[in-house]
Amino acid sequence: KIIQFLIHSISFNRLSFNTYHQSICHSIMRCISLFSFLLIFIFNKNINVVVGDESVAVLTAEDDVTTDSPDVTTVPDETTSDTCQTGEKNNGDEVKPDTNGKSQDNLDQTSNQQTEPERPIQSGPLVDLFGEQLLSIKMVDETHAQLETHYTNEILAGKKVIGVYFSADWCGPCRQFTPELVAFYDKMNARRGKKDQFEIVWVSRCRDVNSFGQYFTHMKWLALPPEEAMGKRGQMLGDLLKVKGIPHLVLLDELGNVITYDARNKIPTDRAGIGFPWRNP
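Criteria and cut-off values
Residues numbered from 1 in each chain as written. Predicted model: local features only at pLDDT ≥ 70, side-chain atom pairs only at ≥ 80, totals over all residues. Heavy atoms only, no water. Helix = DSSP H or I, 4+ residues; strand = E, 2+ residues; numbered from the N terminus. Buried < 20%, exposed > 50% of the residue type's maximum accessible area, 1.4 Å probe, protein only. Contact = heavy atoms within 4.5 Å. Areas by Shrake-Rupley, 256 points an atom, 1.4 Å probe, with all protein chains shown as cover. Salt bridge = Lys/Arg side-chain N within 4 Å of Asp/Glu carboxyl O. Core = buried A, V, L, I, M, F, W, Y, C linked by side-chain atoms within 4.5 Å. pLDDT = per-residue confidence, 0-100. Phe/Tyr/Trp six-rings, centres within 6.5 Å; stacked < 30°, edge-to-face > 60°. Lys NZ or Arg CZ within 6 Å of the ring centre and 35° of its normal. Arc of directions from axis to C-beta. Polar contact = N/O pair within 3.5 Å; in protein donor to acceptor, adjacent residues only side chain to side chain.

## Focus on the overall build of the protein chain
When helices and strands are counted, the protein chain shows eleven helices and seven strands. A burial count over the protein chain gives 30% of its 281 residues as buried. Taking as baseline every contact in the protein chain between residues at least 6 positions apart, the subset at least 24 positions apart corresponds to 57%. If you sum the accessible surface of the protein chain, you get close to 19500 Å²; carbon and sulfur atoms cover 53% of it.

Listed below in structure tokens is the structure:
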């Protein structure tokens, strides 16, 4: 374009030629223009080839690969297979445990399996009656309580008399008798030479778990888990211990044998527990 401009300026602005000379100049300009276009085409083609060669050289050089393109971050398959220890794709980065995913869950389960003690194998008449676990309740403060789980054979070890108490929060006579039974329970377990030999297991007849928890806070003894008490085990105990109505209190010995079915009516007539546990002659 510069050559065309110069010839055009020389031909028409600074020199005055005749028509013959002007036609010659025009012919020369056409030839020069054609030659210029040919040079431009060849020059541009060579630039494209050079850029292509440089690109190939950059991509194939071992020491000069400097690019921010994400396409130039592929790790060879052999490297990936050598570094991926967990079977997950790591894109060349160091493999780290997934602390928020299934790997952490597996670690937690493994840790729990290592730290959680195994349940002891329990057997005996009391386990047959009450199952493997019983509950107690502990008041944390005035408005909060906490349930604690105990193994049946361990928590009932050394108990000479075991009461089975059927009661519910919705039952008026039950609400009246429960405080009386608490006082009697404390008195029997404070006796000289017979301390803490009396235990009670509550078999709830409450209609839901929330009512169970609320009513349990008024007691000092153990309880069958609510799902057990409201299920087949509770029904079995009711049938076995002749429950016709509530409140109902049956006393057993340490082997699960029945001492009396009528402790509910014995306590009001013997509050001092002189004849406790009212064994038959």
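Structure shown, so let's carry the discussion forward.
## What about the environment of lysine 266?
Mapping lysine 266 onto the fold places it in helix α11 (residues 263-269). By relative accessible area, lysine 266 is classed as partly exposed at 32%. When the C-alpha atoms of lysine 266 and phenylalanine 276 are compared, they prove to be 8.7 Å apart, with ten residues separating the residues in sequence.

## Some points on the environment of tyrosine 261
As for its position among the elements, tyrosine 261 is in the loop between β7 (258-260) and α11. By relative accessible area, tyrosine 261 is classed as partly exposed at 33%. Each C-alpha atom of the pair tyrosine 261 and glycine 163 lies 9.8 Å from the other, and the pair is 98 residues apart in sequence. Leaving out residues up to four positions away in the same chain, tyrosine 261 has contacts with Leu240, Leu241, Lys242, His248, Leu249 and Val250.

## As for the pattern of salt bridges
Applying the stated criterion across every chain yields a total of three salt bridges. Put simply, glutamate 180 and arginine 271 hold a salt bridge, and the shortest N to O gap is 2.4 Å. Within this pair, whereas glutamate 180 is found in helix α7 (residues 172-189), its partner arginine 271 is found in the segment after α11, the two being separated by 91 residues in sequence. Put simply, arginine 233 and glutamate 228 hold a salt bridge, and the shortest N to O gap is 3.0 Å. We classify arginine 233 as partly exposed; its relative accessible area is 22%.

## Structural notes on the nonpolar core
Burial of nonpolar side chains together is a common tendency in soluble globular proteins. Grouped together as the largest cluster of nonpolar side chains are 29 residues, with contacts concentrated most on Tyr165, Phe198, Trp202, Trp221 and Leu251. When residues of this core are traced back to their parent elements, those giving at least two are β1 (133-139), β3 (161-167), α7, β4 (198-204), α8 (209-216), β6 (248-253) and α11. For this core, the element with the most residues is α7, which contributes seven residues. When residues no more than four places from it in sequence are discounted, the contact partners of tryptophan 202 are Tyr165, Ser167, Phe212, Tyr215, Phe216, Met219, Trp221, Leu222, Ala223 and Leu224. Within the second largest apolar cluster, 17 residues are counted, among which are Leu129, Ile162, Val203 and Leu252.

## Comments concerning the confidence of the model for the protein chain
Summarising the model, the protein chain shows a mean pLDDT of 75, and 59% of its residues fall at 70 or more. Here residues 12-17 scores under 50 on pLDDT; set against residues more than four positions off or in separate chains, the count is eight contacts.

## A few points about the packing of aromatic side chains
By the definition in use, this model includes 13 aromatic pairs. When the ring of tryptophan 202 is compared with that of phenylalanine 216, the centres are 5.6 Å apart and the planes differ by 40°; the resulting orientation is tilted. Of the two residues, tryptophan 202 sits in strand β4 while phenylalanine 216 sits in helix α8, which places them 14 residues apart along the sequence. When sorted by exposure, tryptophan 202 lands in the same class as phenylalanine 216, which is buried. Among the aromatic residues, those joined into a ring-pair cluster are Tyr165, Phe177, Phe184, Tyr185, Phe198, Trp221, Phe276 and Trp278. Here lysine 242 stacks its cationic end above the ring of tyrosine 261, 4.6 Å away from the centre of that ring.

## Remarks on α8
All of the buried residues in α8 are Ser211, Phe212, Tyr215 and Phe216. Viewed along the axis of α8, the buried residues span an arc of 130°, placing them on a single side of the element. Away from its buried face by more than 90 degrees, α8 exposes Val209, Asn210 and Gln214. Residue aspartate 208 occupies the N-cap position of α8, its side-chain oxygen lying 3.2 Å from the main-chain nitrogen of asparagine 210.

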